[in-house]
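# Inside the fold
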Amino acid sequence: MIEVTTVTRIHAPIELCFDTARDIDVHTRTVWKHTQERAIAGVTNGRIGPGDTVTFEAVHFGIRQTLTSRITAYDRPYLFVDQMQKGAFKSMCHEHHFSVCGEQETCMRDTLRFEAPLGVLGWAVERLILQRYMQAFLESRNERLKAMLERYTVSE
């Protein structure tokens, strides 16, 4: 199993960061454009909450894929966890942690754990390709989320 962690400091209140991070519309606007990611089932717009599911369709490595996740833990505004119910991975769990780390500043820590299928071949792909890819995906998404939140906070 691979674990990828990112930490992003955002100049915005914790409640706003938490609520924006679980917004499906924001998610699809902040991921890489070439993935063409969109929500197709479950909660397809607005904020996802405890017990809710969402199914995303996206293109990764030239292959159109679907991934269904459920919110399995929820403690507003500090934590939500989405866990894969169905998709290309053997398993996937994504923890979103939020904490106050300064006046009007939030630390957002994402921890993504995943395991590829296909035994030894999957193990090799995890280490050679997927770990860097998923790290870059999360970092890019979180920087776009940060920019969006900080623009919003400044304009208020």
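First things first, this report covers the structure right here in the doc.

The rules we used
- Residues numbered from 1 in each chain as written.
- Predicted model: local features only at pLDDT ≥ 70, side-chain atom pairs only at ≥ 80, totals over all residues.
- Heavy atoms only, no water.
- Helix = DSSP H or I, 4+ residues; strand = E, 2+ residues; numbered from the N terminus.
- Rg over C-alpha atoms; globule rule 2.2 N^0.38 Å.
- Buried < 20%, exposed > 50% of the residue type's maximum accessible area, 1.4 Å probe, protein only.
- Contact = heavy atoms within 4.5 Å.
- Areas by Shrake-Rupley, 256 points an atom, 1.4 Å probe, with all protein chains shown as cover.
- Core = buried A, V, L, I, M, F, W, Y, C linked by side-chain atoms within 4.5 Å.
- Pairing = 2+ DSSP bridges.
- Axes fitted to C-alpha atoms, helices over the stretch in contact; angles between N-to-C directions.
- Patch = residues over 30% accessible without salt bridge, like charges linked within 9 Å, V, L, I, M, F, W, Y side chains within 5 Å.
- Salt bridge = Lys/Arg side-chain N within 4 Å of Asp/Glu carboxyl O.
- Polar contact = N/O pair within 3.5 Å; in protein donor to acceptor, adjacent residues only side chain to side chain.

Bringing the overall build of the protein into the picture now. Each helix and strand in the protein was counted, giving three helices and seven strands. Secondary structure elements of the protein occur, N-terminal to C-terminal, as β-α-α-β-β-β-β-β-β-α. In summary, the protein has a C-alpha radius of gyration of 15 Å against a globular reference of 15 Å for 156 residues, a match within 12%. Projected onto its principal axes, the C-alpha coordinates of the protein cover approximately 50 × 30 × 30 Å. Taken across its 156 residues, the protein has 46% of its residues classed as buried. Within the protein, contacts between residues at least 6 apart in sequence are counted, and of these 52% link residues at least 24 apart. Accessible surface for the protein amounts to roughly 8200 Å². Of this, 54% is attributable to carbon and sulfur atoms.

Time to look at the nonpolar core. Counting 20 residues, the largest nonpolar core has Ile24 and Phe98 as the members making the most contacts within it. Tallying contributions element by element places helix 1 (residues 14-21) first for this core, with four residues. Residues contacting isoleucine 24, with those up to four places away along its chain left out, are Ala39, Val43, Thr44, Asn45, Gly46, Ile48, Val54 and Phe56. The next biggest cluster of nonpolar side chains, apart from the first, holds 15 residues, and it includes Val4, Val31, Trp32 and Leu130.

Read across the open sheet, the seven strands follow the order 1-7-6-5-4-3-2; overall the sheet is antiparallel. Unpaired on one side and paired on the other, strand 1 (2-10) and strand 2 (38-42) mark the two borders of the sheet. The average angle at which neighbouring strand axes cross in this sheet is 25°, direction not considered. When strand 6 (residues 91-102) meets strand 7 (residues 105-115), the two strands line up antiparallel, connected through eleven bridges.

As for its position among the elements, cysteine 93 is in strand 6. Considered as a pair, cysteine 93 and leucine 128 are 35 residues apart in the sequence and their alpha carbons are 20 Å apart. Not counting residues up to four positions away in its chain, the partners in contact with cysteine 93 are Val81, Asp82, Gln83, Thr111, Leu112 and Arg113.

Attention now goes to a nonpolar patch on the surface. There is a patch of nonpolar side chains on the surface, built from Phe61, Leu128 and Ile129 and spanning about 310 Å² of accessible area. Tracing the sequence through the fold places phenylalanine 61 in the loop between strand 3 (53-60) and strand 4 (63-75).

Another point: unusual backbone geometry. Omega for the bond connecting arginine 76 with proline 77 falls within 30 degrees of zero, at 0°, which places this linkage in the cis form. Secondary-structure assignment places proline 77 in the loop between strand 4 and strand 5 (79-86). Although it is not a glycine, phenylalanine 61 sits at a positive phi angle of roughly 55°. With a phi close to 55°, glutamine 104 is a non-glycine residue in the positive phi region.

Looking now at the environment of aspartate 52. Note that aspartate 52 resides in the loop between strand 2 and strand 3. A relative accessible area of 27% means that aspartate 52 is categorised as partly exposed. With 19 residues separating them along the chain, aspartate 52 and isoleucine 71 place their C-alpha atoms 5.6 Å apart. Beyond its immediate stretch of four places on either side in the chain, aspartate 52 contacts Val43, Arg47, Ser69, Arg70 and Ile71. Separated by 2.8 Å, the side chain of aspartate 52 and the backbone nitrogen of glycine 49 make a polar contact.

Any functional reading would require information beyond the geometric quantities listed.
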